[in-house]
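Spelled out, the chains give:
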Amino acid sequence: MDAAKLKELEKFINECKENPNILSDPSLYFFRDYIESLGGKLPPSAYKAGGDHKAKSHVFEEDLDEDIDDIEDEDDHLNVDADEEEEPEIIESDIDLDDSEVVEPDNDPPQQMGDPSVEVSEESRDASQEAKAQAMEAISEGKLEEAIEQLTKAISLNPTSAIMYATRATVYIKMKKPNAAIRDAKAALEINPDSAKGYKSHGIAEAMLGHWEEAAKNLHVASKLDYDEEINAVLKKVEPNAHKIEEHRRKYERLRKEREDRKIERERQHRKAAAQAAYEKAKKQEESSSSRGPGGMPGGFPGGMPGGFPGDMPGGMPGGMPGGMPGGMPGGMPGGMPGGMPGGMPGNVDFSKILNDPELMAAFKDPEIMAALQDVMNNPASLAKYQANPKVAPIIAKMMSKFGGAGPK
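From a predicted model like this one, the values you see are computed outputs, not experimental measurements.

Reading the values: rules and limits
- Residues numbered from 1 in each chain as written.
- Predicted model: local features only at pLDDT ≥ 70, side-chain atom pairs only at ≥ 80, totals over all residues.
- Heavy atoms only, no water.
- Helix = DSSP H or I, 4+ residues; strand = E, 2+ residues; numbered from the N terminus.
- Buried < 20%, exposed > 50% of the residue type's maximum accessible area, 1.4 Å probe, protein only.
- Contact = heavy atoms within 4.5 Å.
- Areas by Shrake-Rupley, 256 points an atom, 1.4 Å probe, with all protein chains shown as cover.
- Patch = residues over 30% accessible without salt bridge, like charges linked within 9 Å, V, L, I, M, F, W, Y side chains within 5 Å.
- Salt bridge = Lys/Arg side-chain N within 4 Å of Asp/Glu carboxyl O.
- Lys, Arg positive; Asp, Glu negative; His and termini not counted.
- Charge placed at Lys NZ, Arg CZ, Asp CG, Glu CD.
- Core = buried A, V, L, I, M, F, W, Y, C linked by side-chain atoms within 4.5 Å.
- UniProt positions renumbered as here; feature names shortened; annotations may be inferred.

**Here we look at the overall build of the chain**
Piece 1. Helices and strands together make up the secondary structure of the chain, namely 14 helices and zero strands.
Piece 2. Secondary structure elements in the chain, listed N-terminal to C-terminal, are α-α-α-α-α-α-α-α-α-α-α-α-α-α.
Piece 3. Every one of the 409 residues in the chain was classed for burial, and the buried ones make up 34%.
Piece 4. The long-range fraction of contacts in the chain, counting pairs at least 24 apart against all pairs at least 6 apart in sequence, stands at 55%.
Piece 5. A total accessible area of about 24200 Å² is found for the chain, and carbon and sulfur atoms account for 54% of it.

**Overview of unusual backbone geometry**
Piece 1. Its identity as a non-glycine residue notwithstanding, K176 has a phi of 60°, on the positive side.
Piece 2. For K176, the position within the fold is in the loop between α6 (162-174) and α7 (178-191).
Piece 3. Note on K176: relative accessible area 53%, which makes it exposed.

**Comments concerning the side chain of R168**
Piece 1. As for its position among the elements, R168 is in helix α6.
Piece 2. Judged by its relative accessible area of 0%, R168 falls in the buried class.
Piece 3. Residues contacting R168, with those up to four places away along its chain left out, are Q111, Q112, M113, I148, L151, T152, I155 and D184.

**Quick notes on a negative patch on the surface**
Piece 1. Taken together, the side chains of E137, E145, E146 and E149 make up a negatively charged region of the molecular surface.
Piece 2. The leading source of residues in the negative patch is helix α5 (residues 144-157), at three residues.
Piece 3. Mapped onto the secondary structure, E145 falls in helix α5.

**Structural notes on the nonpolar core**
For soluble globular proteins, nonpolar side chains are generally found buried alongside one another.
Piece 1. Counting residues in each nonpolar core, the largest one holds 33 residues, and the members touching the most others are V171, L219 and V238.
Piece 2. Contributing elements (two or more residues each) for this core: α4 (122-140), α5, α6, α7, α8 (196-208), α9 (212-225) and α10 (229-291).
Piece 3. Among the elements that make up this core, the one with the highest residue count is α10 (six residues).
Piece 4. Each residue touching L219, except ones within four places of it in the same chain, is listed here: K200, G203, I204, I231, V234, L235 and V238.
Piece 5. Judged by nonpolar contacts, the second largest core, of 14 residues, contains V376, Y386, V392 and M399.

**So, the UniProt feature "domain: STI1" (unreviewed entry) in the chain**
Piece 1. Under the local residue numbering, the UniProt record ascribes the feature "domain: STI1" (unreviewed entry) to residues 357-396.
Piece 2. Here residues 357-396 is 57% helix and 0% strand, with 13 Å between the C-alpha atoms at its ends.

**Some remarks on the UniProt feature "repeat: TPR" (unreviewed entry) in the chain**
Piece 1. Mapped onto the present numbering, the UniProt feature "repeat: TPR" (unreviewed entry) falls at residues 128-161 and 162-195.
Piece 2. Spanning residues 128-161, this segment combines 79% helix with 0% strand, and its end C-alpha atoms are found 9 Å apart.
Piece 3. Across residues 162-195, the secondary structure splits into 79% helix and 0% strand, with the terminal C-alpha atoms separated by 7 Å.

**Concerning the pattern of salt bridges**
Piece 1. The final tally for this structure, using the stated rule, is 22 salt bridges.
Piece 2. Residue E89 pairs with R259 through a salt bridge whose shortest N-O separation is 3.6 Å. Placement of E89 in the loop between α3 (52-85) and α4 and of R259 in helix α10 is noted, with a sequence separation of 170 residues between them.
Piece 3. Residue class for R259 comes out buried when judged on its relative accessible area of 13%.
Piece 4. Counted as one network, the salt bridges with shared partners bring together E87, R262 and R266.

**Some points on the environment of P109**
Piece 1. Mapped onto the fold, P109 is located in the loop between α3 and α4.
Piece 2. Sequence separation between P109 and A180 is 71 residues, and the spatial gap between their C-alpha atoms is 8.8 Å.

Encoded structure:
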């Protein structure tokens, strides 16, 4: 770059530093924009002459950024509150159970089971009964291992007999092998779902493992099928523990549900508060931006609405809309709005009626409607071409009715 031009540029920069008013020259708008595009900020004096609109826009953007920051700060605050209100996890207390008769589980390989597909002959049944009789004799003599061998033989000879499995299960219980007993009890119940001895053996074995609820369930079924004193004696030990477990579970299920309900309610309240805060900020921003609008109607239609609204809008606005909106809407509305609109738009139009109208606020987001409104504002004579538009015409009519509501009754 030419050294002389660089020198002149340096001199210009120094002059701007000493007197920022130089930058208010409209011809230097490109230089101001360039500085701001780099993230630089100019003093207010750089906008004074010929730059009022730019200055106001600059201030508005800063205020808007501040409003957005405020909303983000409030959201962060709500999140912090939510974290602070988060309840600690529920830790379950221990249950005071009587487990004095609980045994260590047996981990032996599964015992031999019969083949249910084998066709059992009469000879096999008789031989099975003989083996069972020998097993019962061994049990009476305390020879439990021998009893297991004889019962296993009996099951192999007659694998369709539920009583053989149930009897072997009782021997495993005597040997304090509850898992083996449960396997035999289940096999018995598969063959005969109404086997009282199967349910009884299953219930007693579950109690030996400390599975109190499962034990109580099986023992109750056994008692209904074939009550005996042994079942009743075991139930007296099992039921207190089963009831404690059930009450404990229900208590913590209720506590967890209540905790979850409170969490859901807190989240709902936080969402509601956040939505309300966002609404208030947006409303405040809208009011702030409207109050900055130059000239025209209060609340922000800059430059007024010159020339009136000619055309045919039936229903009219009787009584006119007198008042003081300089640059407003003189000239009346011939062809369907009796009374005309002398003197322009009134100075006391209640724009909250527009801002609080959901249909109008939704319409203002429609580019086609906004383009039509801008066209009518710039050239009132263009109103006629929108009278047949089913989307635009009702909105213009509704806006005019809002303006009419501000006039004298």
